[in-house]
Amino acid sequence: MASNTETPSSRLTPFAPIRVNSRFNVSLWSGWLVLAVFAVISLGPMWIAIKTALSDSSTLFSGASSLLPQHPTLFNFERVMGLISRTDPRLEQTSFGKVDFYRALLNSFAFTLLAVVPQISFSAMAAYAFARLRFFGHRLIFFLFLAATMVPGVVLFIPNFILIKDLGWLNTYQGMAAPYALMTPFAVFFLRQMFLSTPKELEESARIDGASYFAIFFRIVVPVHRSALATLTILAGLNAWNEFFWPFLVGRDESVRVMAVAINAFRAQQAGGVPDWSGLMACTVLGIVPVAILLVFFGRKVVESLQYTGYR
Amino acid sequence: MPSGARLESPQSLVPSRPLRRRTSFLHVIRFNEAICAWIFIAPALLGFATFYLIPAFRALYISLTDWNLLRAPKFIAMANYSRLWDDSNFWNSMKVTLLYVLYNIPIQTVIGLLLAVLLARIGRSVVLRSIILAPYLIANVIAAIIWFWMLDPILGFGNAVLQWVGIGRIPFFTDQQLALPTIAVVNIWRHMGLTALLFYTGMQAIPKDIYEAARIEGAGPWRSFFNITLPLIRPTMVFVLVTSIIGSFQVFDTIAVTTLGGPNYSTRTIVWYIYENGFVNFRMGYASALSCALFVCLAIVTLVQMRILRSGHSELG
């Protein structure tokens, strides 16, 4: 063991590269084991949801401890999406046949679009003003934006609910999206930080060439920062897609309710005391699919942006 | 004709700007810095005033009234607050919330640190980070319903496994002692990846030669973790603790899907209690007073934490 002092692999510091040539590195293998366990903990519950969604609801009891669906079927997906005729005899076996999750998914898409697209546009404009333009009161206004993030959501939900109710916007898309559509403090901070981190020479030379502030914003700032704008769109889109509390307060009607509100409602419809688990799990899987697609295509962007912002 | 036009062009290029500068209104709108700035922030400012600034003050005003949304609000000054002070349900909901925070934060932080060190040392792949982050990216409601299903006493996979192992079935969400810790487990499951990712990022900023120096001085991995890594990620630690404690205080979605505040009020957290008052019983004034009390609590928690952990600067300067 005299060589021990010369091989750094035996003295592991948190960032020292681990030598592959060490014969049997216990800490390396146990480290991988722990990571593998946490990977299983992360994804395992989602697999159980997929398994249940693919199971025939009559096999739920017999197959409870099984890791694979028994008699795999797409029937649950077909019926929650309304692809099966209402008179189909198979619907009578399930506790509720009239789940319209297709509608809820469409509502979620509409809500996400309405909440995110104007939010990013207007927040980007404001962020540009805060980052580059001098005007009376810009420090005070920015400080107020910052202070607003300290106020818990539930404090604002009560007066905002009353406002939406007074406007007659309960159970409308505009009522659900309005508080997110014009700005969110996070979007403004995030983009202001991005705009500040790039040199302003390009914009200044455009100024000297006679470009207006609007031309500079649309022709230079937006194209230069399209990556940051895309990142923010993904983050805000994820948040809107997953939003529950506010849509639950103002958009409970079947015609407008979003995915999360619908799942909560289906859960509460207990026919005979037992929720329709296979149907519910089909809904949850469908609610995860857009997130999964995003993660597969933009995984690195999502991970890295969350890594540097800690978005909540 | 074309040649005549070309002859004029050098002249028209140069003096055009001083000429345009005289054209008044439109020019001012496009080129005056302050006016442009106000145009740029106008939509965001409108949204901020309508949905953040005015509601914040309105919430304060509503908390001084008795209002059920049917009659006009009646001003009752501090009556809601004195009622709150004597309301055992309020204090119980505060106790439940604090307990929930206590279950959550230590476990979440330790798991986050463990995963962050492992990610930094052996598994730096984006795929691995995506996998542990995945629970955070799905909706709260979906996380809650999946766990509710897995822990279902009769049909759930988790309970089937417990039965098979010989422990027997446990009614996680309907047992008065277990319901709150179970909800904390769902939250830890959802947030461990994000916490790990944030710590991981904090660790990336530590220069590697510090570890090298410590190793040469004979410090083992544990010592370098406690004496180098932990002190140097303090800003990250403050950020993670502040945001996760504030987030835990406001737990709502998981309870709305699973226990609805029960069994026997053992999961009636402060936000659930505010929801019941405001949106089930339509006591807007009292609900606002409760929410303002929550705001004060969170502000105190934040200030205390920043003070204790001296967030501003890390030892790296």
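In case you missed it, the structure is sitting above this.
Presented here is a report on the structure given in the accompanying data block. (Residues numbered from 1 in each chain as written. Chains lettered and ligands numbered in written order. Predicted model: local features only at pLDDT ≥ 70, side-chain atom pairs only at ≥ 80, totals over all residues. Heavy atoms only, no water.)

1. Description of the overall build of chain A
Our working rule: Each helix is a run of H or I in the DSSP string that is no shorter than four residues. Each strand is a run of E no shorter than two, and both are numbered from the N terminus. The buried label applies to any residue whose accessible area, calculated with a 1.4 Å probe on protein chains only, is under 20% of its type's maximum; exposed applies above 50%, and partly exposed to all values in between. Residue contacts are counted whenever heavy atoms from the two residues lie within 4.5 Å of one another.
The helix and strand tally for chain A stands at 13 helices and zero strands. Helices and strands in chain A line up, N terminus first, as α-α-α-α-α-α-α-α-α-α-α-α-α. A buried classification covers 53% of the 312 residues belonging to chain A. Pairs at least 24 residues apart make up 67% of the contacts formed inside chain A by residues separated by at least 6 positions.

2. Overview of the overall build of chain B
Put simply, the rule is: The protein chains shown are the only cover counted for residues, whose accessible areas, like all others here, come from Shrake-Rupley with a 1.4 Å probe.
In terms of helices and strands, chain B carries 16 helices and two strands. Residues counted as buried form 52% of the 317 residues belonging to chain B. Of the contacts formed within chain B by residues at least 6 apart in sequence, a portion of 65% connects residues at least 24 apart. Here chain B displays about 15000 Å² of accessible surface, and carbon together with sulfur accounts for 68% of that area.

3. With respect to the interface of chain A and chain B
How we decide: The term buried area denotes the loss of accessible surface (1.4 Å probe radius) that occurs when two parts are joined, taken as the sum for both partners. Definition used for salt bridges: Asp or Glu carboxyl oxygen within 4 Å of a side-chain nitrogen of Lys or Arg. Any pair of N or O atoms that falls within 3.5 Å is considered a polar contact. Within protein, one atom must be able to donate a hydrogen and the other to accept it, and sequence-neighbouring residues count only if both atoms are side-chain atoms.
Facing 106 residues of chain A, the contacting portion of chain B comprises 106 residues. Across the chain A to chain B interface the summed buried area is about 9800 Å²; carbon plus sulfur atoms make up 78%. Connecting chain A to chain B are zero salt bridges. Our count for the chain A to chain B interface comes out at ten residue pairs in polar contact (both at pLDDT 80 or more).

4. Considerations on helix 13 (residues 234–249) of chain B
Residue and element names in this part refer to chain B. Which entries qualify depends on this criterion: A helix is expected to span 1.5 Å multiplied by its residue count minus one.
Between its first and last C-alpha, helix 13 extends 22 Å over 16 residues, near the 22 Å set by a 1.5 Å rise per residue. Buried residues dominate helix 13, accounting for twelve of its 16 residues. Tucked inside the fold, the buried residues of helix 13 contact helix 6 (88–121), helix 10 (179–204), helix 12 (221–232), helix 15 (270–280) and helix 16 (284–309).

5. Let's talk about the environment of Leu230(B)
Mapping Leu230(B) onto the fold places it in helix 12. What Leu230(B) contacts, discounting residues up to four positions off in sequence, is Leu113(B), Phe225(B) and Met237(B).

6. Regarding the side chain of Asn104(B)
Along the polypeptide, Asn104(B) turns up in helix 6. Beyond its immediate sequence surroundings of up to four residues, Asn104(B) is in contact with Ala184(B), Asn187(B), Ile188(B) and Ser248(B).

7. Quick word on helix 10 (residues 226–242) of chain A
Here helix 10 of chain A spans 24 Å end to end across 17 residues, near enough to the 24 Å set by a 1.5 Å rise per residue. Counting buried positions along helix 10 of chain A yields twelve of 17 residues, so the element is predominantly enclosed. For helix 10 of chain A, every residue scored as buried is listed here: Ala228(A), Leu229(A), Thr231(A), Leu232(A), Ile234(A), Leu235(A), Ala236(A), Gly237(A), Leu238(A), Ala240(A), Trp241(A) and Asn242(A). Looking at the packing, one finds that the buried side of helix 10 of chain A touches helix 3 (101–132), helix 7 (185–196), helix 9 (213–224), helix 12 (259–268) and helix 13 (277–309) of chain A together with helix 7 (126–137) of chain B.

8. Considerations on the side chain of Thr254(B)
Position of Thr254(B) relative to the elements: it lies in helix 14 (residues 253–257). If near-sequence neighbours (up to four positions away) are discounted, Thr254(B) is found in contact with Ala144(B), Ile183(B) and Val186(B).

9. Observations concerning the packing of helix 6 of chain B against helix 13 of chain B
Residues and elements named next belong to chain B. In plain terms, the rule: Axis geometry follows a simple rule: fit a line to the C-alpha atoms, using only the stretch in contact for helices, then measure angles between N-to-C directions, giving values from 0 to 180 degrees. By convention the crossing between two helices is left-handed if the near helix lies anticlockwise of the far one by an angle smaller than a right angle, and right-handed if it lies clockwise. Amino acids are sorted into nonpolar (Ala, Val, Leu, Ile, Met, Phe, Trp, Tyr, Cys and Pro), charged (Asp, Glu, Lys and Arg) and polar (every other residue, Gly among them).
Contact pair helix 6 / helix 13: the axes reach a minimum separation of 9 Å and the direction vectors enclose 145°. In this structure, helix 6 crosses over helix 13, and the sense of that crossing is right-handed. Side by side, helix 6 and helix 13 meet where Thr97, Leu98, Tyr100, Val101, Asn104, Ile105, Gln108, Thr109 and Leu113 of the first sit next to Met237, Leu241, Ser244, Ile245, Ser248 and Phe249 of the second. A per-class count over the contact of helix 6 with helix 13 returns nine nonpolar, six polar and no charged.

10. Concerning unusual backbone geometry
Residues and elements named next belong to chain B. In this structure, the amide linkage connecting glycine 262 to the following residue, proline 263, adopts the cis form with an omega of -10°. Within the element layout of this structure, proline 263 appears in the loop between helix 14 and helix 15. Unlike most non-glycine residues, leucine 69 shows phi in positive territory, near 75°. Phi is positive for alanine 77, close to 50°, though the residue is something other than glycine. In this fold, alanine 77 is placed in the loop between strand 2 (74–75) and helix 5 (79–85).

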